[in-house]
Amino acid sequence: MKFENILVEKKDSLAQITINRPKKLNALNKATIVELNAAFEDLEDDENIRAIILTGSGEKAFVAGADISEFADFSVDEGARLSKLGHHTLFDYVDNLSTPVIAAINGFALGGGLELAMSCHFRIASENAKMGLPEVSLGVIPGYGGTQRLPQLVGKGKAMEMIMTAGMISAEDAYRCGLVNHVTAQEELIPLAEKIASKITRNSSVAISAAIRAINAGFEDGINGFDVEIDEFGECFGTDDFVEGTSAFLDKRKPNF
Ligand code: COA
């Protein structure tokens, strides 16, 4: 697929996806969601890629939300379909990828933009970043997982306040409440994401994907995360990476996964 709204770069085992509609503050229109789905699918299938960084182009925005101009005249059914399709093709899809995805939040992450960042496995932010779920100011609620993932990350009370006030919080506040793991100067954001990603890519990608499944299982209704952990733990013992990791430790050498 030829991309018009995103850029995809690969460097060794690391890939970077940049949402590239800076004039619209990288707002997520339908075409961008389709392209993101295709790009994530390609990278998930690429055995050489062991971590993905997701960011926005320009210095102002990660993503300023779903593209309001596209849904302003939607009916009840169209609204529900928009949300369901988004969950299925992008937000849940990214959350459940076996390749780790780091959101590098370089500016505004609002509405669907913050929801996209929250679908990534974890987030880092630049000092100028501003985050919020302003949907109720538009007469709607977060529809791409925000009412579920924000309370999981920051706690119910903080999420209630952020959603009800429709306000934005600073990168520092986001760090304090656990929404982002690190805050850095804007020019250091991608280097920091790459540094963290390179630590990840040295480890067993097979074990990392098992860990993602076990962690995510704990947030799914009707599934016992501890049971999933037990199964995934057991499965690891049948992998080449387990043989390599444990042998390397005992041989006092670095593993070659
Ligand atoms: N959907 C569609 N277009 C958007 C957008 C969105 N979510 N966010 C920004 N844009 C567009 C603006 O319409 C503007 O386009 P134009 O130049 O053709 O008029 C352009 O991006 C630049 O935005 P602008 O509002 O002029 O920048 P600003 O610096 O004054 O304000 C924001 C920045 C982020 C505070 C403001 O753009 C905003 O509130 N955006 C909407 C955020 C939102 O409610 N998101 C949730 C959607 S569910």
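Overview of the structure. (Residues numbered from 1 in each chain as written. Predicted model: local features only at pLDDT ≥ 70, side-chain atom pairs only at ≥ 80, totals over all residues. Heavy atoms only, no water.)

A word on a nonpolar patch on the surface. Taken together, the side chains of Ile68, Leu138 and Val140 present a nonpolar region at the surface, about 240 Å² in accessible area. Structurally, leucine 138 is set in the loop between strand S8 (130-132) and helix H5 (146-154). (Patch = residues over 30% accessible without salt bridge, like charges linked within 9 Å, V, L, I, M, F, W, Y side chains within 5 Å. Areas by Shrake-Rupley, 256 points an atom, 1.4 Å probe, with all protein chains shown as cover. Salt bridge = Lys/Arg side-chain N within 4 Å of Asp/Glu carboxyl O. Helix = DSSP H or I, 4+ residues; strand = E, 2+ residues; numbered from the N terminus.)

Most of strand S3 (residues 51-56) sits inside the fold, with six of its six residues counted as buried. Residues Ala51, Ile53 and Thr55 of S3 are buried on one face, and the alternating residues Ile52, Leu54 and Gly56, pointing to the opposite face, are buried as well. Note that strand S2 (residues 14-19) and S3 share six bridges and pair parallel. Bridge pairing links isoleucine 19 to glycine 56 in S3. In the sheet, S3 pairs with strand S5 (residues 101-105) via three bridges, with the strands oriented parallel. Each residue of the ladder has a partner; that of leucine 54, found in S5, is alanine 103. (Buried < 20%, exposed > 50% of the residue type's maximum accessible area, 1.4 Å probe, protein only. Pairing = 2+ DSSP bridges.)

What follows covers the site of the ligand. In the region of the ligand, 16 residues are neighbours, and Lys24, Lys60, Ala64, Ala66 and Ile68 sit closest. Interatomic distance of 2.9 Å between a backbone N/O atom of alanine 66 and a nitrogen atom of the ligand. Summarising the interface, the protein chains cover 60% of the accessible area of the ligand, which totals 860 Å² for the free molecule. For the shell around the ligand, the per-class residue count stands at nine nonpolar, two polar and five charged. (Near = heavy atom within 4 Å. Polar contact = N/O pair within 3.5 Å; in protein donor to acceptor, adjacent residues only side chain to side chain. Nonpolar A, V, L, I, M, F, W, Y, C, P; charged D, E, K, R; others polar.)

Spatial ordering of the open sheet is given by S4-S6-S8-S9, a layout of four strands whose pairing is mixed. Sheet topology places strand S4 (61-63) and strand S9 (168-170) at the edges, where each strand pairs with a single neighbour. Each adjacent strand pair in this sheet contributes to an overall mean axis angle of 20°, direction not counted. Inspection of the sheet shows S8 paired to S9 by three bridges, in the antiparallel sense. Bridge pairing links lysine 130 to serine 170 in S9. Contacts between helix H4 (residues 112-119) and the sheet are confined to S4, strand S6 (108-110) and S8, with S6 contributing the most and set at about 90° to the helix. (Axes fitted to C-alpha atoms, helices over the stretch in contact; angles between N-to-C directions. Contact = heavy atoms within 4.5 Å.)

Time to look at the sheet that holds S3. Two orientations exist for strands paired in a sheet by backbone hydrogen bonds: parallel and antiparallel. The strand order S1-S2-S3-S5-S7-S10 describes an open sheet built from six strands, whose pairing is mixed. Because the sheet does not close on itself, it has two edges, and the strands there are strand S1 (6-11) and strand S10 (182-184). Ignoring which end each strand starts from, the neighbouring axes of this sheet average 20° apart.

Looking now at unusual backbone geometry. The phi angle at aspartate 12 is positive, at roughly 55°, despite the residue not being glycine. Relative to the helices and strands, aspartate 12 resides in the loop between S1 and S2. Judged by its relative accessible area of 73%, aspartate 12 is exposed. For lysine 252, which is not glycine, the phi dihedral falls at a positive 55°. Following the sequence through the fold, lysine 252 ends up in the segment after helix H11 (240-250).

Grouped burial of nonpolar side chains is what soluble globular proteins tend to show. Ranked by internal contacts, the top residues of the largest apolar core, which has 45 residues, are Leu36, Phe40, Leu54, Ile105, Met131 and Leu179. Per element, the largest residue contribution to this core is five residues, and it comes from helix H1 (residues 30-45). Core analysis: the second largest hydrophobic core is formed by 12 residues, Ile53, Ile124, Ala193 and Ala197 among them. (Core = buried A, V, L, I, M, F, W, Y, C linked by side-chain atoms within 4.5 Å.)

Another point: the packing of aromatic side chains. Within this structure, the stated rule accounts for three aromatic pairs. Their ring planes at 15° and their centres at 4.3 Å tell us that phenylalanine 91 and tyrosine 144 sit as a pair that is stacked. One end of the pair, phenylalanine 91, is in helix H3 (residues 76-95); the other, tyrosine 144, is in the loop between S8 and H5, and 53 residues separate them in sequence. With respect to class, phenylalanine 91 is no different from tyrosine 144; both count as buried. (Phe/Tyr/Trp six-rings, centres within 6.5 Å; stacked < 30°, edge-to-face > 60°.)

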